[in-house]
Amino acid sequence: LCLQVPELGKATVRIRQPERVRGIIQSLREQGVAKLQVISDFDMTLSRFGCNGRRCPTSHNILDTSRVISEDGKKKLKDLLHYYYPIEIDPNRSLEEKRPLMVEWWTKAHELLVQQKIHKDDIAQIVRESEAMLRDGFKEFFDQLHKNNIPLFIFSAGIGDILEEIIRQANVFYSNVNVVSNYMDFNDDGVLTHFRGPLIHTYNKNNTVLQGTGYFQQLSTRTSIILLGDSMGDLTMADGVPSVENILKIGFLNDKVEERRGKYLDSYDIVLERDETLDVVNGILRYILTE
């Protein structure tokens, strides 16, 4: 494997079934560029989890901690995080148990944001002032996909307006990039009035929220998939693809590594532990795309 993709020799890489993974990567290469699409989560997958020992913000965090939120609003949003985040990542709770609680969290958070009368014109500046960072190697990643006309589908439970702005400011918002996320709606004065449905949270990233988008139907010939995620909820992101021939699931294990390793190795083909780069993904793409 490392002969084909040297990056897989990195210390951050864990693979439970190397032979199986080699077979998938080989098939992706044989099927060729015309059949490939990439489906990815955004927060903590394309964006960094941490930098120099500090946590990097998610698209929600960027807004939650920005100057447009009142001190009281910040406190309430933080309280929600402290209550619901442990539930989200609790390995001992079932998805059935988690789902309604995630809906509750997102709904409350969005209601709080609406109360803040956020202005559309402030978003670019909020992102500029934030500590949001895309993973190292992001430019090669976006450039390779764009140059080879490979569709990149970003499926995010974050805030679409914020994450689009991050990609735009990084100068990689190309025509092959398509985003499904939670978008804000503004009134004629440019003030946030509500979030557009359907609500997307960590554990409903599947066909239920894609009804009517028809995105995967248009790409029905793209039967080879590289899926990138950082949570168990991301594993269902390709559920809407009509016929999957090959799928390579790459998981970023950013947090509580020892506790969650087993679950990730059971679910993802390749697990990247505390790896803030897209090196492995870029290496695999390079191998698939070379003649």
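You'll find the chain entered in an unreviewed UniProt entry as 5'-nucleotidase, with Cisticola juncidis given as the organism. UniProt's Sequence similarities (unreviewed entry) comment on the chain is quoted here verbatim: "Belongs to the pyrimidine 5'-nucleotidase family." What UniProt states about the chain under its Subunit (unreviewed entry) heading is, verbatim, "Monomer."

Once that is clear, we can look at the sheet that holds strand E6 (residues 177-182). Each strand in a sheet pairs with another by means of backbone hydrogen bonds, the pair being arranged parallel or else antiparallel. The strand order across the open sheet formed by seven strands is E1-E11-E10-E9-E2-E5-E6, and the pairing between neighbours is mixed. The open sheet has two free edges, formed respectively by strand E1 (13-14) and E6, since each of these has just one partner strand. Across five bridges, strand E5 (residues 152-159) lies against E6 in parallel orientation. Looking at the pairing, Ile159 lines up with Asn182 of E6. Packed on one face of the sheet, helix H1 (residues 18-31) meets strand E2 (36-40), strand E9 (224-229), strand E10 (246-253) and strand E11 (270-273) and runs near 125° to E10. Contacts from helix H7 (residues 160-169) reach E5 and E6, with the element oriented near 130° to E5.

Right, let's talk about helix H6 (residues 138-147) for a bit. By the burial criterion, the buried members of H6 are Phe141, Phe142, Gln144 and Leu145. One side of H6 holds all its buried residues, which, seen down the axis, span an arc of 160°. Positive phi appears at Asn149, one or two residues downstream of H6, with a value of about 55°.

Criteria and cut-off values
- Residues numbered from 1 in each chain as written.
- Predicted model: local features only at pLDDT ≥ 70, side-chain atom pairs only at ≥ 80, totals over all residues.
- Heavy atoms only, no water.
- UniProt positions renumbered as here; feature names shortened; annotations may be inferred.
- Pairing = 2+ DSSP bridges.
- Helix = DSSP H or I, 4+ residues; strand = E, 2+ residues; numbered from the N terminus.
- Contact = heavy atoms within 4.5 Å.
- Axes fitted to C-alpha atoms, helices over the stretch in contact; angles between N-to-C directions.
- Buried < 20%, exposed > 50% of the residue type's maximum accessible area, 1.4 Å probe, protein only.
- Arc of directions from axis to C-beta.

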